[in-house]
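Residue-level listing of the chains:
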Amino acid sequence: MEERTRTDLENLKKPNGSSVVSLLQEVQEKYNYLPEEILREIAKERDIPLIDIYSVATFYKAFSLAPKGKHKIVTCSGTACHVRGSEKVAREISRVLGIEPGYTTKDGLYSLENVNCLGACALAPLVVVDGKYHGNVTPAKALELFKMYTVHEKEEKEEAGCRCATAKELAK
Amino acid sequence: MINLTLNGMEIKVEKRTTLLEAAKFYGIEIPALCYDEALSPYGACRLCLVEIGTGNHSRLVSSCTYPARDGLIVRTHTERVIKARKLLLELYLATCPSSRTIQDMASKHGVTTVRFKQKNEECILCGLCVRMCAEQMQGKAIGFVNRGIKRRITAPFAKKSEECRLCGGCMYICPACQARCQGPQEENPVCNACLNLSPPCLDYFQEAMCYMDPCVACELGTGRKAKFTY
Ligand code: SF4
Ligand code: SF4
Ligand code: SF4
Ligand code: FES
Ligand code: FES
């Protein structure tokens, strides 16, 4: 962890990311969440009160303080999506994953989020998986989508063969 | 200097004076929950509302954050203002009935019922503690987290803060931490045990007719019909 924090901070010191939000965005992108020790380090190095960083980190839905799953699924319950039945879709996704929005599956593969409008209302109801927008989703279509990703996951696992560190190294 | 009209008086105040400060200077009391002389204004509680402008163009603004402007017509005790204040106090009573500060204010302003769903929050999000910690104690140990209905005050990661020096400043200034007295109405959401003022002149006029607070004449009884009997 020490090593990792050092190099990260070097990078974060670049002049472009001076605001707390952009700093946090960088950290979030890198780790998929905001690790506590990194936030503490940033506060120290940059002389920003930790509480200010923490406030921003908890304010925006885009940031997460708990580790996120490998795949991020976002459902929309904005007006347009709601009117076109996003609720059923969200419920179906919750059912197959076995988690409520805001949580991550036990295997660490999927995180479920719910937002209010993604700005693509023409495609309502909308589901975003890993940044890819899927429009006009029905519960059945959501199920298909999910299957697609599980198959993909399985293949990846098989490719890696055994899941030990050496195997992963070889698979690279 | 800035010239403005405060409750019909022509007054002069320094630049960058807020309406609340101006009113205070001229001895007019405006209730405020999230304001403290020693801290920067925050505008969260809205209790310090005053009416600016006249006729159809008048509007309510929070006096603690509104800077005095030349020619501004300010009225601090109109019917509209008092109605809004009472409603706010009623909401605060419903949110945090255990606070002595709020109970006292409610009594003082003649709020005797609570029509809203009763909650028992420990915090009204006035932000006084945050400003106290940051501005007077150089602590910056606590702050607002989350947003919307989940918004609350805490130290980072909800753990004991390294910055906190346990000075107690935050608790000293917190209006919700001042527990109410265990008086006769201890269990009721509204205590009113020391209710004393509701300007009876408001029964006859649009605006309170004097600036006495508490209103001595009313208490002695001027022969006019009082709104509350006690
Ligand atoms: S007790 Fe701690 S949190 Fe409260 S004002 Fe003092 S330093 Fe800040
Ligand atoms: S803890 Fe007290 S001072 Fe701080 S915001 Fe809540 S009510 Fe205000
Ligand atoms: S003293 Fe007279 S004018 Fe002033 S509040 Fe009481 S009744 Fe109204
Ligand atoms: S309502 Fe879902 S994208 Fe706008
Ligand atoms: S004192 Fe002005 S809004 Fe609270």
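Residues numbered from 1 in each chain as written. Chains lettered and ligands numbered in written order. Predicted model: local features only at pLDDT ≥ 70, side-chain atom pairs only at ≥ 80, totals over all residues. Heavy atoms only, no water.

Novice: Hey, could you go over the overall build of chain B for me, with residue numbers and the actual values?
Specialist: Each helix and strand counted, chain B has 6 helices and 7 strands in total. Listed by position from the N terminus, the elements making up chain B come as β-β-α-β-β-β-α-α-α-β-β-α-α. Residues classed as buried in chain B amount to 43% of the 230 residues present. Put simply, 56% of the contacts in chain B that link residues at least 6 apart link residues at least 24 apart. Of the roughly 12900 Å² that chain B leaves accessible, carbon and sulfur atoms contribute 54%. (Helix = DSSP H or I, 4+ residues; strand = E, 2+ residues; numbered from the N terminus. Buried < 20%, exposed > 50% of the residue type's maximum accessible area, 1.4 Å probe, protein only. Contact = heavy atoms within 4.5 Å. Areas by Shrake-Rupley, 256 points an atom, 1.4 Å probe, with all protein chains shown as cover.)

Novice: Talk me through the packing of aromatic side chains; I want residue IDs and the actual numbers.
Specialist: Think of a pair of aromatic rings as described by two things: how far the centres are apart, and how the planes are tilted against each other in angle. Scanning the model with the defined rule gives 6 aromatic pairs over all chains in all. Look at Phe 59 of chain A and Tyr 60 of chain A: their rings are 5.0 Å apart centre to centre, the planes differ by 75 degrees, and that puts the pair in the edge-to-face class. Here Phe 59 of chain A falls in the partly exposed class, since its relative accessible area comes to 35%. On the basis of an interplanar angle of 80 degrees and a centroid distance of 5.3 Å, the ring pair of Phe 25 of chain B and Tyr 26 of chain B is categorised as edge-to-face. According to the relative accessible area criterion, Phe 25 of chain B is exposed, its value standing at 67%. Counting every residue linked through ring pairs, the aromatic cluster contains Phe 59, Tyr 60 and Phe 63 of chain A. The positively charged end of Arg 151 of chain B is found above the aromatic ring belonging to Phe 144 of chain B, 3.8 Å away from the centroid. (Phe/Tyr/Trp six-rings, centres within 6.5 Å; stacked < 30°, edge-to-face > 60°. Lys NZ or Arg CZ within 6 Å of the ring centre and 35° of its normal.)

Novice: Describe unusual backbone geometry, with residues and values.
Specialist: Here the residue pair Ala 124 of chain A and Pro 125 of chain A is connected by a cis peptide bond, since its omega of -10 degrees sits within 30 degrees of zero. Along the chain, the position of Pro 125 of chain A falls in the loop between strand S2 (110–115) and strand S3 (127–129). Even without being a glycine, Arg 46 of chain B presents a positive backbone phi close to 65 degrees. Inspection of the secondary structure assignment puts Arg 46 of chain B in the loop between helix H1 (19–25) and strand S3 (49–52). Even without being a glycine, Ala 158 of chain B presents a positive backbone phi close to 50 degrees. With respect to the secondary-structure elements, Ala 158 of chain B resides in the loop between strand S7 (152–154) and helix H5 (169–173). For Ala 158 of chain B, a relative accessible area of 55% gives the class exposed.

Read these as geometric descriptors, not functional statements.
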